[in-house]
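# Observations on the three-dimensional arrangement
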Amino acid sequence: QVQLVESGGGLVQAGGSLRLSCAASGRTFSSYDMGWFRQAPEKERELVAAIDSSGGITVYSDSVRGRFTISRDNAKNTVYLQMNSLKPEDTAVYYCAGPRAYGRSYIATGSYMYWGQGTQVTVSS
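A short tour of the structure in this document, coming up. Everything quoted here is computed from the prediction, not taken from an experiment.

When helices and strands are tallied, the protein chain shows zero helices and 11 strands. Its helices and strands in sequence order give the protein chain the pattern β-β-β-β-β-β-β-β-β-β-β, from N to C terminus. For the protein chain, whose C-alpha radius of gyration is 13 Å, the value lies close to the compact-globule estimate of 14 Å for 125 residues. Overall, the C-alpha framework of the protein chain stretches about 40 × 25 × 25 Å when taken along its three principal axes. Counting over 125 residues, the protein chain shows a buried share of 44%. Long-range pairs, those at least 24 residues apart, make up 57% of the contacts in the protein chain with a sequence separation of at least 6. On the protein chain, roughly 6500 Å² of surface is accessible, and the fraction owed to carbon and sulfur atoms is 47%. A gap of 5 Å separates the mean positions of the 12 positive and 10 negative side-chain charges of the protein chain.

Dropping the structure here:
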């Protein structure tokens, strides 16, 4: 079993930045493809960004591309989401997810086996 623990959420003004972290248990973290998702009130959970096991492949939603950066440190069993130029519409609970099942879509929630508890990000205008 894999445990995922997110941190780094909070309240920030529009135009500001936050960095989310997701610490994962398990000795095979370096083989996991990981993702960050978010869910706003009354909306479906959606992919924000995903990264393959080596960090060589990244996937972003159109709404965050150019503003957010996903990265990972396999030595620390941690995946990060750097969020810059935040907008009020980025307000949501952000979830870390992984590993992605082999051959499954990066963007589908059902592709990921485990989920963190979520961290709230609120962007004020």
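Additional details are given in the paragraphs that follow.
Note that Leu11 resides in strand β2 (residues 10–13). Classification of Leu11 by relative accessible area gives exposed; the value is 65%. Taking C-alpha positions, Leu11 is 6.1 Å from Val121, a pair spaced 110 residues apart along the chain. Each residue touching Leu11, except ones within four places of it in the same chain, is listed here: Thr122 and Ser124.

A separate point is the pattern of salt bridges. Throughout the structure, instances matching the rule amount to five salt bridges. The partner of Asp90 in a salt bridge is Arg38, with the nearest N and O atoms 2.9 Å apart. Residue Asp90 is located in the loop between β8 (78–83) and β9 (92–100), and its partner Arg38 is located in strand β4 (residues 34–39); the two are separated by 52 residues in the primary sequence. Each member of the pair, Asp90 as well as Arg38, carries the same accessibility label: buried. Where Asp90 meets Arg67, a salt bridge forms, and the shortest distance between an N and an O atom there is 2.8 Å. On the criterion of sequence distance, the pair formed by Asp90 in the loop between β8 and β9 and Arg67 in the loop between β6 (58–60) and β7 (68–73) is long-range, its members being 23 residues apart. Taken individually, Asp90 and Arg67 each receive the classification buried, so the pair is uniform in this respect. What emerges from the salt-bridge pattern is a single network uniting Arg38, Glu46, Arg67 and Asp90.

What follows is about the state of the cysteines. Under the criterion given, the structure shown has one disulfide. The disulfide that involves Cys22 links it to Cys96, with 2.1 Å between the sulfurs. Taking the torsion about the S-S bond as the criterion, the Cys22 to Cys96 disulfide, at about -75°, is left-handed. Residue Cys22 is located in strand β3 (residues 18–24), and its partner Cys96 is located in strand β9; the two are separated by 74 residues in the primary sequence. Relative accessible area serves as the criterion here: at 0%, Cys22 is assigned to the buried category.

In this structure, Trp36, Val79, Leu81, Met83 and Tyr94 are the most contacted members of the largest nonpolar core, which totals 27 residues. Mapped by element, the contributors of at least two residues to this core are β3, β4, β5 (46–51), β7, β8, β9 and β11 (119–124). Among the elements that make up this core, the one with the highest residue count is β3 (four residues). Ignoring any residue separated from it by four or fewer positions in sequence, one finds Val79 in contact with Leu20, Ser21, Cys22, Phe29, Met34, Trp36, Ile51, Ile70, Ser71, Arg72 and Cys96.

Here is what the cut-offs are and how they apply
- Residues numbered from 1 in each chain as written.
- Predicted model: local features only at pLDDT ≥ 70, side-chain atom pairs only at ≥ 80, totals over all residues.
- Heavy atoms only, no water.
- Helix = DSSP H or I, 4+ residues; strand = E, 2+ residues; numbered from the N terminus.
- Rg over C-alpha atoms; globule rule 2.2 N^0.38 Å.
- Buried < 20%, exposed > 50% of the residue type's maximum accessible area, 1.4 Å probe, protein only.
- Contact = heavy atoms within 4.5 Å.
- Areas by Shrake-Rupley, 256 points an atom, 1.4 Å probe, with all protein chains shown as cover.
- Lys, Arg positive; Asp, Glu negative; His and termini not counted.
- Charge placed at Lys NZ, Arg CZ, Asp CG, Glu CD.
- Salt bridge = Lys/Arg side-chain N within 4 Å of Asp/Glu carboxyl O.
- Disulfide = S-S within 2.5 Å.
- Core = buried A, V, L, I, M, F, W, Y, C linked by side-chain atoms within 4.5 Å.

Read these as layout, nothing more, since geometry by itself doesn't imply function.
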